[in-house]
Amino acid sequence: MHQLQSCQSVRRTTAQPVTPVKKAYSTADELRTVEEGDGDFFEKLIAIQQKQENMQHHDYTQHLGDLSESLPPQATGHKDKLEIPHGELLLLCENVLYTVIHRTGVPSTTHITDQDEMLRYLRKVFRLDENEFEAVMHRVKEAKVPSWTLKVIVVEARNLLAKDANGFSDPYCMLGITMGQTTRETEEKKERKFSFRKKKDRMEKKSSLREVLPAKYIQATDVKSSTLNPVWNESYMFDLDDLHSDQLHLDIWDHDDEVSVVEACKNLNQISGLKGMGRYFKQIVKSARTNGAMGSQEENDDFLGCLDIPISDIPVGGINDWFKLEPRKSSSRVQGDCHLILTLIMSQRDTELCKRMCGMRIHELLLRQLLEIEHSDFQDDQNSWSGKLSKHAVTILAHHAMQFDLSFLQKAAVEWQAYSKHHQLHFMDSAFLLQLLEELDQMFHPGVLTKDQEEFLSDSFVLFIDYNWELLQRMKQVFPFNCPTALRQLELMLRCLSKIYSMEAFNVVCPLHNQLHVEIVAIVKKFIFDWYKKMCDTFKPNLKSGLTKQMRLVQLVDAVCTELHKDRENYNQIFVSVLKIDYFSITYQQLEKLVADDILTLMEELGTTMEQERSRMTQEMGETLFELYLSLKELKRFKEYLQLKDSQLLALTNFHDWFQMSINKWLQIVYEKSCERITRAVSVDQFEPVDTLSKHSSSAVDVVTCFTQIKSFWLQLAWPDPMGAFVFVTKITDDICNAAVMYSEKVRQKADSQKKITQQLCIALNNIQHVHSYTWNLPKELDWQGVEASMEQLCGLEGKQQVQRALGTQLQSIDAGMQRQSNYMINQLVEKMVTDLRKYIQHISLSPDSIQPDEAVCPLMKFLDDNLIILSEWLVMENLRKILSALWTLLLDLITEALAINTGMSTEFYERFHFTLEALVVFFHAEGQGLPLDSLQNDKYKALKEELRLNKCSTQELVEYSYQAKIRQQKSTDPGLYGMLCIKCHYDAAESKLCIEVLHATNLIALDANGLSDPFVIIKLAPLHFFPGSKSQQTQVKNKTLHPIFDELFIFTVTQEQCSNNTACVHFTVMDHDWLSTNDFAGEAVLQLQEVPGFNKPAIAGGIKNVSPVFLKLTHPEPSVMKPIMKMLEGRAADREAQDFVKMMKELEVSPD
């Protein structure tokens, strides 16, 4: 058994040859050179077919190399527009140094704060020597110090305090710049907030008016009526004197009087001259003081909260945040928040570049210059740079944008202009450019940018689009199909173009432009035409013979197919997904028309030549035309990827008609060569395995190879005409059937000389199985279903049935023929073992009871092991399982036969056969390498095993087993089909009395002709050997009812020891009383004594009167359980206890039959 398992543990597979693919297609003359001198028709056709398969399965996605070698920079025609002149670069350096020297604002945690470090970085950016840099730095230090302005946008407020009777307020804001305080004054203000409106008595106590009147001028927002969540969105500008000490102060008031401070503040900005402004401001403050002195109940405007924001706390990027309102003093009650946007702006810059161009243009030049150094410092692939900047660049750009007050839209436009121009000189990741376009599109609003800014944006779009047109004209070189990175960049480039043409900004700044679809299609068509002419020149034949022209035309068609493969699998997906442009359809329609014109010219010349010379087609010419046919078929196959409207009336639609005359000759040669190969293969076959991994010999390999070649030939042919396809596939199928049956007969005849189970006999059987397995797939391999569908479409249901009859008959014939040969050999193998197997089964039967079971079964297992070791080693699993299955069935029959002959034997007799059966299961299963367990443990096995198990049991064990089955049946959840019995049961341990009260029964089955029954109940304790001497008792008969009421009490004397077994039970049998014949069985029920109160369950006070009724379903004995038991007991004629139980069961109409 161990040897069988070891042999089966090795999974044997047939090694398949692997053909390396060097390129997508092979030229015709190269194939001729490879096969020259072979002279084998099959091999030449296989080489042609292999070329087509290589084209279809060639990997067009293998890595090509670094993308940097294939992506060129911008053409020199635009270089002057993209590079920054040196003089302008020096002015830009001066401007940036001015920005860094005079920077202000709280830096971000990601910014560089060390000025010397930033200056070193800028020197690197502008590539200046020390003297040049110092000269620029000197000019910056000599320039005037800039002025600063605070830009404030009062956005909104929320959750303000309600001051009016209607539960709302009428809020407005007053804001201005206050001068900074001394340290002492700052400490005094911890409990006291500044307000533009202070009470008069507090102002008079001050030695200085610095806190009261610090503002250069005051601004006020509009009043928002009846709201606690006002929205203003009003912008104000404040000149700053001291960035370190100035503060922004803001009050929010509830407007109550008709003319209040808010109107005065609005008029303040209309005062011209410093003296007038001061005088008017004093009037405002005086009014505020007067109102403040009148008391809180008489105030016109109620205070809602205030804010103090130091200018020195404003970060570089500004503030856009909510601020919590604060009270004027700790006892004041305010609530709510105010949303402000604060930005510091440099209002006056003393640099030369600012006089020449706007801040947005300067910012673009700065960013472009920074990109030069940032891109060059990128460590990885330069073409994959995503535009991420260093901390130095981010810091400088943030200060520069803040000082020029660039809006989000302006910064987005500048970033697009700078990065897109840099991309044209130094290729980078286009995904970042697409992201910039999306951000620009989201922020753009017409009329926001100035005319000059729109012109700059327009120029950037035009430059970028022209650059992409140039790349598309060289798409195959710039974006090679087998470079995934390049294809990704192509997709991103097209997405950028699609995004630009869909942007509102592009349509505003570039209103006169063609549609993107028109531009793309024109470029693609020109590119494809130029490529085809180049290929024609490449494959132009040196000689003008007809065969040479055919070969060169094959090369051209193959080159076109290869190009279409690339286009469909790579480029088309990109164009369709991005632009909804069917790039493949455009390419295919143009190339297909060009190829068809050249093919038609060739075929006309060939037909004219053959007609004039009256020559027959040579085999070499036929092979070349077959190759050309396959190439054209491959080209036509691309038609299925076209849209329906584009696939009509193509030039190659009926090209197969040109090759009709060659097919019959090819098929005849195929069949003749097949028969010759099969005969030669069997004659030289010695039934030795072809290699260490195979279990069939060379002839099977030759036959399957031959059939595979025929199948491949037919599939490659793919004849489109339904009727012609039916004729051809019928002949091909008939040829394969005849050849396969012929092979199996020849193999069987050659194997008949083997008289014993040998390796050669196993391999011969495997050969038939190997070829037969191949023929099972013929319907699928030859596409019978497709032929049926075509004939049904052409001729209706009759055409389909004609195909089914013809081809179905052929398949049945080949299956029957090969099964006949295979089954014959299997039966011969099994028959060689029958005599010995019967002898070893008889040996087990006659073995004395004194020996161990393994000793008795040992000769049988050794015989099986010796004989099956050869089978397991050399048979394929399919054949091995067939033989094992036949042997298993034979062994079960032999053991059953032995048990039938030997009845009433000893327990040891049945133990030996039980051991034998289990040993055979292990042997034939072989740890999963043999027959599956569900196949071994079939119904015949289960019946035999059960018979052996029961035969081993004593009579009492069989009786107990029958009652255990009744208990399980009673406890099952199956519905009762024979009615219910209601009883009470209680055990009195003191008196050893079991009290049983039969109350009533319901829904009994009708056993009399009147549709009723005369029921009574028999009560007994079971099994009887647990209760020797116990007599059964019964109730009175209740006439003509299916729902009898008994109410009778029965008492049995039993001990607890007698009831301790789980099988001990009370057996209730419901019978129908008949006066003239034997009583009829109506149903039975059992109750385990362990469940009766007083045994394992606590006794109930008051005895049986207080016991709850129990409902027992009535059942009939299960035949599957009782019949085997009755059969065993009936066979024990000398056992009185067995015969008594059989008699009792027969009284209940339980027959052993």
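Residues numbered from 1 in each chain as written. Predicted model: local features only at pLDDT ≥ 70, side-chain atom pairs only at ≥ 80, totals over all residues. Heavy atoms only, no water.

Peer 1: Residue-level account of the overall build of the chain, with values.
Peer 2: Along the backbone of the chain there are 39 helices and 16 strands. Of all 1153 residues assigned to the chain, the portion counted as buried reaches 50%. For the chain, contacts bridging at least 24 residues in sequence account for 78% of all contacts bridging at least 6. By element, 50% of the accessible surface of the chain is carried by carbon and sulfur atoms, the whole surface being about 54900 Å². (Helix = DSSP H or I, 4+ residues; strand = E, 2+ residues; numbered from the N terminus. Buried < 20%, exposed > 50% of the residue type's maximum accessible area, 1.4 Å probe, protein only. Contact = heavy atoms within 4.5 Å. Areas by Shrake-Rupley, 256 points an atom, 1.4 Å probe, with all protein chains shown as cover.)

Peer 1: If you had to explain the nonpolar core to someone new, which residues and values would you point to?
Peer 2: Judged by nonpolar contacts, the single largest core of 268 residues is most densely connected at Leu150, Phe461 and Phe924. With 14 residues, helix α31 (residues 797-846) is the largest single contributor of residues to this core. By size, the runner-up hydrophobic cluster in this structure holds 32 residues, among which are Leu1021, Phe1026, Phe1027 and Ala1082. (Core = buried A, V, L, I, M, F, W, Y, C linked by side-chain atoms within 4.5 Å.)

Peer 1: Could you give an account of unusual backbone geometry, naming the residues involved and the relevant values?
Peer 2: Residues Ala1022 and Pro1023 are joined by a peptide bond in cis, for which omega reads -10°. Checked against the element boundaries, Pro1023 lands in the loop between β11 (1015-1022) and β12 (1033-1034). Positive phi outside glycine occurs at Asp405, with the angle close to 55°. Positive phi, normally seen in glycine, also occurs at Phe687, with a value near 55°. Residue placement: Phe687 occurs in the loop between α25 (660-684) and α26 (698-717).

Peer 1: If you had to explain the side chain of Asp582 to someone new, which residues and values would you point to?
Peer 2: With respect to the secondary-structure elements, Asp582 resides in the loop between α22 (546-579) and α23 (583-613). Taking relative accessible area as the criterion, Asp582 reaches 18% and is therefore assigned buried. When sequence neighbours within four positions are dropped, the list of residues in contact with Asp582 reads Asn572, Val576 and Gln643.

Peer 1: How would you sum up the layout of surface pockets? Please name residues and give values.
Peer 2: Considered as a void within the structure, the second largest pocket measures approximately 920 Å³ in volume. Forming the boundary of the second largest pocket are 33 residues, of which Ala401, Leu406, Ser407, Phe408 and Lys411 lie nearest the centre. Looking at the lining of the second largest pocket, the elements that each hand over two or more residues are β1 (147-158), β7 (319-324), β8 (337-348), α13 (359-376), α14 (391-403), α15 (408-425) and α16 (430-443). (1 Å grid on protein atoms, 1.4 Å probe; cavity = no way out; pocket = protein on both sides within 12 Å on 5 of 7 lines; lining within 4 Å. Points joined across faces, edges and corners; volume = space filled by probe spheres on them.)

Peer 1: Give me the sheet that holds strand β13 (residues 1045-1053): which residues, what numbers.
Peer 2: Strands sit in the order β13-β10-β9-β16 across an open sheet of four strands; the sheet is antiparallel. Lying at the two open borders of the sheet, with one neighbouring strand each, are β13 and β16 (1110-1113). Going across the sheet, the axis of each strand differs from the next one's by a mean of 30°, ignoring polarity. Relative to β16, strand β9 (residues 980-988) runs antiparallel, the two being bridged by four bridges. Looking at the pairing, Cys982 lines up with Phe1111 of β16. (Pairing = 2+ DSSP bridges. Axes fitted to C-alpha atoms, helices over the stretch in contact; angles between N-to-C directions.)

Peer 1: Can you explain empty space enclosed by the protein? Please cite residues and give values.
Peer 2: Empty space among the atoms can be located by rolling a probe the size of a water molecule over them. By the definition in use, this model includes four cavities of 30 Å³ or more. Forming the boundary of the largest cavity are Leu472, Met475, Ile520, Ile523, Val524, Phe527, Phe575 and Tyr583. Looking at which element gives the most residues to the lining of the largest cavity, the answer is helix α21 (residues 516-538), with four residues. Classifying every residue of the lining of the largest cavity by side-chain character gives eight nonpolar, no polar and no charged. (Nonpolar A, V, L, I, M, F, W, Y, C, P; charged D, E, K, R; others polar.)

Peer 1: Describe the packing of aromatic side chains, with residues and values.
Peer 2: Applying the stated criterion to the full structure yields 27 aromatic pairs. Note on Phe575 and Tyr583: the rings are 4.7 Å apart at their centroids and 20° apart in plane angle, and the pair reads as stacked. Across the pair, Tyr583 and Phe575 agree in class, each one buried. Taken together, the ring pairs connect Trp416, Phe461, Phe464, Tyr501 and Phe506 into an aromatic cluster. The cationic tip of Arg361 hangs over the ring face of Phe456; the distance from NZ or CZ to the ring centre is 5.1 Å. Here Arg748 stacks its cationic end above the ring of Tyr824, 5.4 Å away from the centre of that ring. (Phe/Tyr/Trp six-rings, centres within 6.5 Å; stacked < 30°, edge-to-face > 60°. Lys NZ or Arg CZ within 6 Å of the ring centre and 35° of its normal.)

Peer 1: Go over the sheet that holds strand β5 (residues 247-254), please, and point to the residues and values.
Peer 2: Strand order in the open sheet formed by four strands is β3-β2-β5-β6, and the pairing between neighbours is antiparallel. A single partner strand is all that each edge strand has here, and the edge strands are β3 (219-220) and β6 (302-310). In the sheet, β5 pairs with β6 via eight bridges, with the strands oriented antiparallel. Bridged to Leu250 within β6 is Leu307.

Peer 1: For the pattern of salt bridges, give the residues involved together with the corresponding values.
Peer 2: Evaluated as defined, the whole model comprises 30 salt bridges. Of the charged contacts in the structure, one is a salt bridge between Glu634 and Arg637, with a shortest N-O distance of 2.8 Å. Residue Glu634 and its partner Arg637 are both found in helix α24 (residues 619-637); the two are separated by three residues, about one turn of the helix. We classify Glu634 as buried; its relative accessible area is 1%. Accessibility expressed as a relative area gives 23% for Arg637, which makes it partly exposed. Between Arg838 and Glu897 there is a salt bridge whose closest N-O contact spans 4.0 Å. Here Arg838 is found in helix α31, whereas its partner Glu897 is found in helix α33 (residues 877-901), with 59 residues between them in sequence. Counted as one network, the salt bridges with shared partners bring together Arg361, Glu364, Arg368 and Lys421. (Salt bridge = Lys/Arg side-chain N within 4 Å of Asp/Glu carboxyl O.)

Peer 1: Which residues make up the packing of helix α6 (residues 115-126) against α13, and what values do they have?
Peer 2: Put simply, α6 and α13 touch, their axes get as near as 9 Å, and they point 90° apart. In terms of axis orientation, α6 runs roughly perpendicular to α13. Here Tyr121, Lys124, Val125 and Phe126 of α6 come into contact with α13, specifically with Gln369, Leu370, Ile373 and Glu374. Of the residues contributing to the contact of α6 with α13, the split by class is five nonpolar, one polar and two charged. (Parallel < 35°, antiparallel > 145°, perpendicular 65-115°, else oblique.)

Peer 1: I'd like to hear about the side chain of Thr1115, residue by residue, with values.
Peer 2: You can see Thr1115 is positioned in the loop between β16 and α38 (1119-1131). The class of Thr1115 is buried, set by a relative accessible area of 8%. Among residues more than four places away in sequence, those in contact with Thr1115 are Gln969, Tyr978, Phe1081, Gly1083 and Glu1084.

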